[in-house]
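Now for the letters of each chain:
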Protein chains: 2
Amino acid sequence: MAGRTRANPLALAVLCLLYERPMHPYEMSSTLRERHKEDSIKLNYGSLYSVVESLRKRGLITARETVREGRRPERTVYAITEAGSTEMTDWLSDLLSRPAKEFTQFEAALSLMPIFGPDEVINLLETRLRSLRQQQRAHDQSNAWAPPNFPRLFLIEMEFKYALLRTEIEFVSALLDELRSGTFEGIALWRRMHELREEGRTPEAVDEVLAEEFKEELSWLSELSDTQRPEQG
Amino acid sequence: MAGRTRANPLALAVLCLLYERPMHPYEMSSTLRERHKEDSIKLNYGSLYSVVESLRKRGLITARETVREGRRPERTVYAITEAGSTEMTDWLSDLLSRPAKEFTQFEAALSLMPIFGPDEVINLLETRLRSLRQQQRAHDQSNAWAPPNFPRLFLIEMEFKYALLRTEIEFVSALLDELRSGTFEGIALWRRMHELREEGRTPEAVDEVLAEEFKEELSWLSELSDTQRPEQG
DNA sequence: TACGTAGTACTCTGAGTCGAGTAATCGGCT
DNA sequence: AGCCGATTACTCGACTCAGAGTACTACGTA
């Protein structure tokens, strides 16, 4: 049923808020911000209003009343419906119980990394690592906003984010160590290829030179069908 | 300059492919698939063709020639431009060196988790954990497609994905242990709240009962301004 | 009292996304 | 010879999203 309509978790957040009590969209956005959900759920006004409208069209929420205070713009208060409650529990159950394929920008970047030579990559990753460590320090200090005794239940998503951050730091820093020390497998071939390219050789000429200089390292090429070989590396 | 146009990494992948050699869109998609980049870069036909068209409009790639074989549809071959090469290196440098805010579905789900009671959450997370372990086993065995000696450089993004997977498994499994053993901080309050709700009490009645039964645990409430209190937990 | 800034509450627009659909060819099988 | 399913190569349109813009109020301040 709900195929693509389950793309944006902001819609789920709206359902959860209205499950608590009726609200108008702007109140939803400020509530989400107050509860620090902005950090884990992407929120912006444009999306919020269209997501709300789309939920209404699907009958998952209804417009309760429109209030006007002074000459301010009208506020439309929405409430969740039966169908909305069902969708909410179904959707959240699904998200918690079934890992979804997620694509991060950094994964994409790593997979295209070979267009740079190893030395450029070292530089770029060093910059990244500094940023990540900065974020980590910021996190360590920023329990400031949460009062003592604040329930862990409401911070659990931050713990997860932090665990991912630590993993990324470890990954990048281990990779950097290998690149800098030259123990990264195949780094000699990789470096030589970029040297040759920078000398202005044609791709074919580069392949030829490498084929001679790195016979064993390139043995895997013959194992692949023609179309399968990654020429970019 | 390139503000929102840098949203979709597929566009960057297209630039990288055309940096190797001119291609038509369908060839791009099959090349990406052969190189297993589908796992780290979201790819679908609809997006591919519009991304290509948008790159062309921005002058980052140009249509080289349109070939027709038999009565098949035309294939338009594209090549990268100077501006395209520049954009490619700028963009990839940026992705590698600057961590971007990423929002995963699971983070969103965790942050909305309190709408369920602890026992439901345990069930859902157990299902997730089985799935994740399944994925992990699949990964362990699926170096099958890569021939011996295949350069690590071309698999580095998978290593990262795997590291994230391990972290998620550890996180979920640690969380489950705490929930099941009852050592999760505040779980008694959380469980009682859902009990009361299921008995059909009004939110206000629930709050009242809890305020009496869990005085110390709720001390943090008084530290927050009215608007800041998360009523949903 | 005029002014600048922060907050409230949306609205609009154009660009991007995605899944489904189409139409042709190829290879194998019966 | 004819058919089935896979592969090649795109096209379409409905929906979604992001960011900028609007318009008003409230508040401090010089």
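Rules used in this analysis
- Residues numbered from 1 in each chain as written.
- Chains lettered and ligands numbered in written order.
- Predicted model: local features only at pLDDT ≥ 70, side-chain atom pairs only at ≥ 80, totals over all residues.
- Heavy atoms only, no water.
- Helix = DSSP H or I, 4+ residues; strand = E, 2+ residues; numbered from the N terminus.
- Buried < 20%, exposed > 50% of the residue type's maximum accessible area, 1.4 Å probe, protein only.
- Contact = heavy atoms within 4.5 Å.
- Areas by Shrake-Rupley, 256 points an atom, 1.4 Å probe, with all protein chains shown as cover.
- Near = heavy atom within 4 Å.
- Polar contact = N/O pair within 3.5 Å; in protein donor to acceptor, adjacent residues only side chain to side chain.
- Nonpolar A, V, L, I, M, F, W, Y, C, P; charged D, E, K, R; others polar.
- Salt bridge = Lys/Arg side-chain N within 4 Å of Asp/Glu carboxyl O.
- Least-squares fit on C-alpha atoms with pLDDT ≥ 70 in both.
- Buried area = accessible area lost by both parts, 1.4 Å probe.

If you look chain A up in an unreviewed UniProt entry, it shows as PadR family transcriptional regulator from Prauserella endophytica.

S.K.: Is there a simple way to explain the overall build of chain A in this structure?
M.R.: Assigned secondary structure in chain A consists of nine helices and two strands. Listed by position from the N terminus, the elements making up chain A come as α-α-α-β-β-α-α-α-α-α-α. Every one of the 233 residues in chain A was classed for burial, and the buried ones make up 47%. Restricting to contacts in chain A with at least 6 residues of sequence separation, those with at least 24 account for 59%. Summed over all atoms, the accessible surface of chain A reaches about 12,200 Å², with 48% contributed by carbon and sulfur.

S.K.: I would appreciate a short explanation of the protein's contact with DNA strand C in the present structure.
M.R.: As a matter of local geometry, DNA strand C sits amid 20 residues, with A:Y26, A:Y49, A:E74, A:R75 and B:S47 nearest to it. For DNA strand C, the fraction of protein-proximal atoms (within 4 Å) that sit in sugar or phosphate groups is 73%. With respect to DNA strand C, the backbone of A:T76 contributes an N or O atom lying 3.4 Å from a phosphate oxygen. Among the elements that take part in the surface near DNA strand C, helix α3 (residues 45-57) of chain B stands out by supplying four residues, more than any other. A breakdown of the residues in the surface near DNA strand C according to their chemical character gives five nonpolar, seven polar and eight charged.

S.K.: Before we go on, may I ask you to explain the pattern of salt bridges in this structure?
M.R.: Pairing is possible between side chains of opposite charge, provided their charged atoms come close. Residue and element names in this part refer to chain A. Considering all chains together, one arrives at 36 salt bridges over all chains under this definition. The shortest N-O distance in the salt bridge between E38 and R33 comes to 3.3 Å. Across the pair R192 and E213 runs a salt bridge whose closest N-O atoms are separated by 2.7 Å. Separated by 21 residues along the polypeptide, R192 in helix α8 (residues 187-198) and E213 in helix α9 (residues 203-213) bring together distant segments of the chain. Classification of R192 as partly exposed rests on a relative accessible area of 22%. Overlapping salt bridges bring together R6, R58 and E87 as one network.

S.K.: Explain the relation of the copies chain B and chain A to me, please; I cannot follow it from the model alone.
M.R.: Two copies of a chain can be linked by a rotation about an axis combined with a shift along that same axis. Superposition of chain B onto chain A requires a rotation of 180° combined with a translation of 0.0 Å along the rotation axis, giving an RMSD of 0.1 Å. Accordingly, the operation relating the two chain copies is best matched by a two-fold axis.

S.K.: So what exactly am I meant to see when it comes to the interface of chain B and chain A here?
M.R.: Buried accessible area, meaning the area lost when the parts come together, often serves as the stated size of an interface. Of the residues lining the interface, 86 residues belong to chain B; the matching set on chain A comes to 86 residues. Across the chain B/chain A interface, buried area totals approximately 8,600 Å², and carbon plus sulfur atoms make up 69% of it. At the boundary of chain B and chain A, one finds four salt bridges. Put simply, B:E107 and A:K161 hold a salt bridge, and the shortest N to O gap is 2.5 Å. At the boundary of chain B with chain A, the tally comes to 17 residue pairs in polar contact (both at pLDDT 80 or more). Those elements giving two or more residues to the side of chain B that touches chain A turn out to be α1 (9-20), α4 (82-97), α5 (105-112), α6 (118-141), α7 (156-181) and α8 (187-198) of chain B. Among the elements that line the side of chain B that touches chain A, the one with the most residues is α7(B), at twelve residues. For the side of chain B that touches chain A, the class distribution of residues is 43 nonpolar, 18 polar and 25 charged.

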